[in-house]
Number of protein chains: 4
Amino acid sequence: MERSYRLIISCPDQIGIVAAVSDFIASHQGWITEAHHYTDPASQWFFMRYVVRAASLPFGLEELRERFCPLAEEFRMQWCVYDTGIKKRVVLLASKQAHCLSDLLYRWRSNEMHMDIPCVLSNHDDLRDYVQWHGLRYYHFPVRTNDKASHFAALEQALIDSEPDVIVLARYMQILPDSICRRYPARIINIHHSFLPSFVGARPYHQASERGVKLIGATCHYVTAELDAGPIIEQDVVRVGHHNTVDDMIRLGRDVEKQVLARGLRFHLEDRVLVHGNKTIVFA
Amino acid sequence: MERSYRLIISCPDQIGIVAAVSDFIASHQGWITEAHHYTDPASQWFFMRYVVRAASLPFGLEELRERFCPLAEEFRMQWCVYDTGIKKRVVLLASKQAHCLSDLLYRWRSNEMHMDIPCVLSNHDDLRDYVQWHGLRYYHFPVRTNDKASHFAALEQALIDSEPDVIVLARYMQILPDSICRRYPARIINIHHSFLPSFVGARPYHQASERGVKLIGATCHYVTAELDAGPIIEQDVVRVGHHNTVDDMIRLGRDVEKQVLARGLRFHLEDRVLVHGNKTIVFA
Amino acid sequence: MERSYRLIISCPDQIGIVAAVSDFIASHQGWITEAHHYTDPASQWFFMRYVVRAASLPFGLEELRERFCPLAEEFRMQWCVYDTGIKKRVVLLASKQAHCLSDLLYRWRSNEMHMDIPCVLSNHDDLRDYVQWHGLRYYHFPVRTNDKASHFAALEQALIDSEPDVIVLARYMQILPDSICRRYPARIINIHHSFLPSFVGARPYHQASERGVKLIGATCHYVTAELDAGPIIEQDVVRVGHHNTVDDMIRLGRDVEKQVLARGLRFHLEDRVLVHGNKTIVFA
Amino acid sequence: MERSYRLIISCPDQIGIVAAVSDFIASHQGWITEAHHYTDPASQWFFMRYVVRAASLPFGLEELRERFCPLAEEFRMQWCVYDTGIKKRVVLLASKQAHCLSDLLYRWRSNEMHMDIPCVLSNHDDLRDYVQWHGLRYYHFPVRTNDKASHFAALEQALIDSEPDVIVLARYMQILPDSICRRYPARIINIHHSFLPSFVGARPYHQASERGVKLIGATCHYVTAELDAGPIIEQDVVRVGHHNTVDDMIRLGRDVEKQVLARGLRFHLEDRVLVHGNKTIVFA
């Protein structure tokens, strides 16, 4: 993959933004390989993602940022430039279930997903061997009854030490405390095993079986302090019927969960997800 | 389509039901063309649907019923035999929106759906011409402010007069009173424009847009006295994104709604749906 | 829907196209509501679709075209501006089967699809009443054995007289002669009842059943002189199984066909489809 | 999972088969937990799959087979009884690509798939470490230019030594010689990276990109001597667009391939697939 800069912008909509930005890029002979815009009609807010070949520009990342600054200020942009040459640091949180973790590790070791994994953190020791076979660090922070606080304290410190760009809850099964949620806004990605907002909370497949739905699903979303209520990145469903037990649903659900999580994380790693209130713009 | 009898059975599970039923059919040289069984493991309740060629049996429907009776009693069956030569009478309830109604009328006039339509009932007059072009009766019962009761009284009487086997709410948009719900248990089919149990009640596409879901859906279910909570027959979804307005969702949703309603109604017309508590067995 | 201009561009890729076009629009205070770009990496060909609010510009369509001309020449663009205030003229060709035609007529009469239908042409008289109920003209050109030529001569003349922007083969079931194909390049849309390139030619559902596939599909494509080989606009599939007869496939296929045709035609009517060689760019 | 016997039957259709079989089971107090029948209308051939709790019968597998024999002869059945207590032996053939292999190994080690894996055979050594981490044997049989025969001779001998019930080509990328194909009829399962019969042979994603299709797929099928033409077990598709390169298709296709292969193999392991000519009955 050729090295590129990804320019991500959101700002109040007005005439001339695209002209100003594309003019800026073109004036430096920048070669745009992908371009997406969107204006939210309700809020009149503008969103943009440009991918520019790094080699086409006569300067590096720092100078690009410097030169872009005045334009960004003129349009009151929230903006970022990402260098595809720098992999994002993704800390994985897991518990006992391996399906999402295994899937992400496969995508990492086969170079399908461009990320570094500083470590895997877990409240159980079950997946240590598998993770370590990959040459990755594995930290086990047990959850003691009546003392969740010390688990979360250790976890938070380990997160801080790992300097993550993204934290992925790969079926981690614990509700993160507010302090961690607030420390990493729009940077903690969870996979919920239901088609949200149906079946919020625990045991969604049991709830789905009870209700007799004909499709079950999974939802990849950013974690906020409110449980299962953060901005949705990606969802998908699979058909079930009366003959499917809860165990069948759990098995079928695993395949949807890992697919949806992988797609959602990929969107995030490629800087395709822009958060706007409690919703996402996904330039897929 | 060759004339057949559909034998629908549910009863407490025990050894020998299938043997007894298939033996009964075989002893009269009955030719089975479709067979489905299912036992619900939680309740140990057994469900069965057999289709037998009418011409293969040496007697008619009445004698079939008589001869089957002792066996049904032995196994404490709830049972029914339907003759495919007798079309079900389907009363359609509509409002102003034509998409579901048009779709069902197309399937009726092209003989895709084997049903008789004694009449179409509506709280608006908008669709009269279209319905009457098909040679069908159309009754308009307006809903007067502060007097819903007289609308529903007229509606209920018209339903009774129509002797319906099934009532289809083809986007009828009014909540039926309890009396009508209870008069026709598991015989009123509604299409709800969301992927239930998400977004119960009014304006589900607005709710879906607000929540930022990535799939919207539709649910075909039997109507019970509790709003949008009856047994689900069929569901499906369609992908949406940040760029889709509520109007887009309404438009995309129409296509899912009519497909899901048509599939659900077809299942019902073919006696494929067995209700068990608040869930359905669908022998599709 | 607010009146807009749709600017559709394709040209050799080079730096500065987006800047030049967006600068042109911005310099006249044009308000862009949708923007799509794409560069085909193999051919280095650039494609663009901009939607601009008509009321935001200080001049009308003619002056817009005139003022844009120099820029278009500079970048050697193939380009077009469409006024959403002018509905496209869509001539429908049908045969005996009503499902696609009924579906399109519903979308037309409910204002879901913005088009004018100057007439419906058919080689059979079956659908006359239904079409005429809509207040539309219906012409019947029978196909006589050993004299297809006179059918096609009459058809071609009727097409010419109707001044169509688009011609839709809504299950017309005849192979158009070369002269008609060539007269309307990328303007004749067909719905083929298979997942092309599988099962080219006649009786695709019979072929699919013979091969034992587990999904059947439909393909909406532009018609070229080579049978079933033109640029694909849209496709979709539906699951089938061993228990589905060819008749079942035909029935299930109808639902996919009409959905795929409606989506493909909508893309075309909204000027979202750009043809590039034998492939399409669809700015959906 | 409780131990069960799976009774798989195919025979010419006639009246009384179900009665005879269910009577046989019931007469021994056998408890049927799953039952599927199907008659192919064209060939009038009957197919059946019954699952009976082992503990409900007063005898073991051998006696069940003995006692069933006369009935099987009477109806000229091709039949089999499988004991779910005996895992099927699945030999995996792989090459360099890990996605299908990794996916199957995960499902094996998490007990999602009930099978024994005597060994993994490959024409490359790349996946040895990963396979051996699982405690499984890995044999590397390189393919030497101008001497494919010795590769296949070694492979065939290793297969014979492994006494496989099923052989899975998990993206093995070599065309098996006739001798191996014929030795294991309906027991070699391949995953083809296209929606067959489209794009038979090599580089299907390149072919798909060239043709401009809007969906790509994968096909799980039994291997016969004719390339990519054996009975299809399962298929699925994923949406692509003009912006997807061949590399994107390869990446997206991997996810479909592994899902389709896992579903097809699961059907086979659960004795749900009955081959009839070049088609399958899948009692899913």
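Residues numbered from 1 in each chain as written. Chains lettered and ligands numbered in written order. Predicted model: local features only at pLDDT ≥ 70, side-chain atom pairs only at ≥ 80, totals over all residues. Heavy atoms only, no water.

**Student:** Help me understand the overall build of chain A in this model?
**Tutor:** A tally of regular secondary structure across chain A gives eight helices and 14 strands. Computed over its C-alpha atoms, the radius of gyration of chain A comes to 21 Å, within 12% of the 19 Å expected for a compact globule of 284 residues. Projected onto its principal axes, the C-alpha coordinates of chain A cover approximately 60 × 40 × 35 Å. By residue count, 60% of the 284 residues in chain A fall in the buried class. If you take every contact in chain A between residues at least 6 apart in sequence, the share linking residues at least 24 apart comes to 66%. Between the mean site of the 32 positive side-chain charges and the mean site of the 34 negative ones, chain A shows a separation of 4 Å. (Helix = DSSP H or I, 4+ residues; strand = E, 2+ residues; numbered from the N terminus. Rg over C-alpha atoms; globule rule 2.2 N^0.38 Å. Buried < 20%, exposed > 50% of the residue type's maximum accessible area, 1.4 Å probe, protein only. Contact = heavy atoms within 4.5 Å. Lys, Arg positive; Asp, Glu negative; His and termini not counted. Charge placed at Lys NZ, Arg CZ, Asp CG, Glu CD.)

**Student:** How should the pattern of salt bridges be read in this particular structure?
**Tutor:** Oppositely charged side chains are able to pair whenever their charged atoms sit close together. Taken as a whole, this structure holds 100 salt bridges over all chains when the rule is applied. Put simply, Arg272(B) and Glu270(B) hold a salt bridge, and the shortest N to O gap is 2.7 Å. For Glu270(B), a relative accessible area of 19% gives the class buried. What emerges from the salt-bridge pattern is a single network uniting Asp103(A), Arg107(A), Glu112(A), Arg254(D), Asp255(D) and Lys258(D). (Salt bridge = Lys/Arg side-chain N within 4 Å of Asp/Glu carboxyl O.)

**Student:** Mind showing me how you'd approach the relation of the copies chain A and chain B here?
**Tutor:** Put simply, the two copies of the chain differ by a rotation about an axis and a shift along that axis. Between chain A and chain B, which share one sequence, the superposing operator has a rotation angle of 180 degrees and an axial displacement of 0.0 Å; the RMSD is 0.0 Å. Both copies are brought into coincidence by an operation consistent with a two-fold rotation axis. Distance from the rotation axis, computed per C-alpha, reaches its smallest value in chain A at Ser198(A): 2.5 Å. (Least-squares fit on C-alpha atoms with pLDDT ≥ 70 in both.)

**Student:** Whenever I open this one, the relation of the copies chain D and chain C confuses me. Can you help?
**Tutor:** Superposing chain D onto chain C takes a rotation of 180 degrees combined with a translation of 0.0 Å along the rotation axis, leaving an RMSD of 0.0 Å. Looking at the interface residues of chain D, 100% of them are also at the interface in chain C, so both copies use one shared face.

**Student:** Help me understand the interface of chain A and chain B, please; the structure alone is not making it clear to me.
**Tutor:** The figure often quoted for interface size is the accessible area lost as the parts come together. Each partner contributes to the interface: chain A provides 32 residues, whereas chain B provides 32 residues. Both faces combined, the contact of chain A with chain B buries some 2700 Å², and carbon together with sulfur accounts for 54% of it. Area buried by chain A at its contact with chain B is led by Arg211(A), Lys214(A) and His242(A), which between them contribute 28% of it. In this structure, the connection of chain A to chain B is made through four salt bridges. As a salt-bridge pair, Glu234(B) and Arg239(A) come within 3.2 Å of each other at their nearest N and O atoms. Scanning the region where chain A abuts chain B turns up 21 residue pairs in polar contact (both at pLDDT 80 or more). Where the side of chain A that touches chain B is concerned, the elements lending two or more residues are α7 (204-211), β12 (232-239) and β14 (279-282) of chain A. Tallying contributions element by element places β12(A) first for the side of chain A that touches chain B, with seven residues. When grouped by side-chain class, the residues that make up the side of chain A that touches chain B number 14 nonpolar, nine polar and nine charged. (Buried area = accessible area lost by both parts, 1.4 Å probe. Polar contact = N/O pair within 3.5 Å; in protein donor to acceptor, adjacent residues only side chain to side chain. Nonpolar A, V, L, I, M, F, W, Y, C, P; charged D, E, K, R; others polar.)

**Student:** Looking at this model, I keep getting lost on the interface of chain D and chain C. Mind explaining?
**Tutor:** Facing the 32 residues of chain D at the interface are 32 residues of chain C. A buried area of about 2600 Å², summed over both sides, lies between chain D and chain C, and 54% of it is on carbon and sulfur atoms. Summed over the three residues of chain D that lose the most area to chain C, namely Arg211(D), Lys214(D) and His242(D), the buried surface amounts to 27% of that side. Between chain D and chain C we count four salt bridges in total. In this assembly, chain D and chain C are joined by 21 residue pairs in polar contact (both at pLDDT 80 or more). Contributions of two or more residues to the side of chain D that touches chain C are made by α7 (204-211), β12 (232-239) and β14 (279-282) of chain D. The greatest single-element share of the side of chain D that touches chain C, amounting to seven residues, is contributed by β12(D). Taken together, the residues of the side of chain D that touches chain C sort by class into 14 nonpolar, nine polar and nine charged.

**Student:** Please clarify how the domain arrangement of chain A should be interpreted in this entry.
**Tutor:** Residue and element names in this part refer to chain A. Once the domains are mapped, chain A shows domain 1 (4-83) and domain 2 (88-282). Placing the centre of domain 1 and that of domain 2 at their C-alpha centroids yields a distance of 31 Å. Each partner contributes to the interface: domain 1 provides 13 residues, whereas domain 2 provides eight residues. At the boundary of domain 1 with domain 2, total buried surface from both sides reaches about 820 Å², with 61% on carbon and sulfur atoms. It is Arg6, Phe47 and Arg49 that lose the most area in domain 1 upon contact with domain 2, and together they represent 51% of the buried surface on that side. At the boundary of domain 1 and domain 2, one finds two salt bridges. Here domain 1 is connected to domain 2 by six residue pairs in polar contact (both at pLDDT 80 or more). Those elements that place two or more of their residues in the side of domain 1 that touches domain 2 are β1 (4-12), β2 (32-40) and β3 (45-53). Of the residues belonging to the side of domain 1 that touches domain 2, the class tally is seven nonpolar, two polar and four charged. (Domains from an automatic or database assignment.)

**Student:** Hey, could you run me through a nonpolar patch on the surface in this one?
**Tutor:** Residue and element names in this part refer to chain A. Together, Ile175, Val200 and Leu227 make up a nonpolar patch on the protein surface, roughly 270 Å² of accessible area in all. Examined against the element boundaries, Leu227 turns out to sit in the loop between β11 (215-222) and β12. Take Leu227: its relative accessible area is 41%, and that puts it in the partly exposed class. (Patch = residues over 30% accessible without salt bridge, like charges linked within 9 Å, V, L, I, M, F, W, Y side chains within 5 Å. Areas by Shrake-Rupley, 256 points an atom, 1.4 Å probe, with all protein chains shown as cover.)

**Student:** Could you clarify how one ought to interpret the packing of aromatic side chains in this entry?
**Tutor:** Taken as a whole and judged by the stated rule, the model has 24 aromatic pairs over all chains. A centroid spacing of 5.1 Å and a plane angle of 65 degrees characterise the contact between Tyr130(B) and Trp133(C), whose relative ring orientation is edge-to-face. With Tyr130(B) in helix α4 (residues 128-133) and Trp133(C) in helix α4 (residues 128-133), the pair connects residues from two separate chains. Consider the rings of Phe24(C) and Phe68(C), whose centres lie 5.3 Å apart with planes at 70 degrees: the pair is edge-to-face. In this pair, Phe24(C) is assigned in helix α1 (residues 17-27) and Phe68(C) in helix α2 (residues 61-74), connecting sequence segments 44 residues apart. Across this residue pair, the class does not change: Phe24(C) and Phe68(C) are buried. Connected via pairs of aromatic rings, a cluster forms that spans Tyr130(A), Trp133(A), Tyr130(D) and Trp133(D). Sitting over the ring of Trp31(C), Arg53(C) keeps its end group 4.1 Å from the ring centre. (Phe/Tyr/Trp six-rings, centres within 6.5 Å; stacked < 30°, edge-to-face > 60°. Lys NZ or Arg CZ within 6 Å of the ring centre and 35° of its normal.)

**Student:** Explain the state of the cysteines here, please?
**Tutor:** Linking two cysteines covalently through their sulfur atoms gives a disulfide. Residues and elements named next belong to chain C. Tallied over the entire structure, the rule returns zero disulfides over all chains. Distance from the sulfur of Cys69, which forms no disulfide, to the nearest cysteine sulfur (Cys80) is 12 Å. Cys220 supplies the cysteine sulfur nearest to Cys181, a cysteine that is in no disulfide, at a spacing of 15 Å. (Disulfide = S-S within 2.5 Å.)

**Student:** In this structure, what is going on with unusual backbone geometry? I would like to understand it.
**Tutor:** The linkage connecting Leu196(B) with the following residue, Pro197(B), adopts the cis geometry, with an omega of 10 degrees. Mapped onto the secondary structure, Pro197(B) falls in the loop between β10 (188-192) and α7 (204-211). Although it is not a glycine, Asn111(B) sits at a positive phi angle of roughly 65 degrees. For Asn111(B), the location among the structural elements is in the loop between α3 (99-109) and β6 (115-116). Phi at Phe199(C) is positive, roughly 60 degrees, even though this residue is not glycine. Along the chain, Phe199(C) falls in the loop between β10 (188-192) and α7 (204-211).

**Student:** What should I look at first to understand the pairing of strand β14 (residues 279-282) of chain B in this one?
**Tutor:** Residues in a regular strand point their side chains to alternate faces of the sheet. Residues and elements named next belong to chain B. Pairing geometry for strand β13 (residues 273-276) and β14, over four bridges, is antiparallel. When the sheet's bridge partners are listed, Leu274 is paired in β14 with Ile281. What sits between β13 and β14 in their antiparallel hairpin is a turn of two residues, with Gly277 showing a positive phi close to 60 degrees. (Pairing = 2+ DSSP bridges.)

**Student:** Which parts of the structure should I look at to understand helix α5 (residues 148-162) of chain D?
**Tutor:** Residues lying three or four places apart along an α-helix face the same way, a consequence of the helix completing one turn every 3.6 residues. All names here are of chain D. Under the 1.5 Å per step criterion, the end-to-end length of α5 is 21 Å for 15 residues, consistent within 8% with the ideal 21 Å. Burial in α5 covers these residues: His151, Phe152, Leu155, Glu156, Ala158, Leu159 and Ser162. End-on, the buried residues of α5 take up no more than an arc of 165 degrees, which puts them together on one face. Exposed side of α5, more than 90 degrees from the buried face: Ala149 and Asp161 are the residues found there. Immediately beyond the C-terminal end of α5, within one or two residues, lies Glu163, with a positive phi of roughly 45 degrees. (Expected span 1.5 Å × (residues − 1). Arc of directions from axis to C-beta.)

**Student:** Help me out: how do you make sense of the environment of Ile9(B) in this one?
**Tutor:** All names here are of chain B. With respect to the helices and strands, Ile9 occurs in strand β1 (residues 4-12). For the pair Ile9 and Phe46, spaced 37 residues apart in sequence, the C-alpha to C-alpha distance is 7.9 Å. Ignoring any residue separated from it by four or fewer positions in sequence, one finds Ile9 in contact with Val21, Phe46, Phe47, Met48, Phe68, Met77, Gln78, Trp79 and Leu274.

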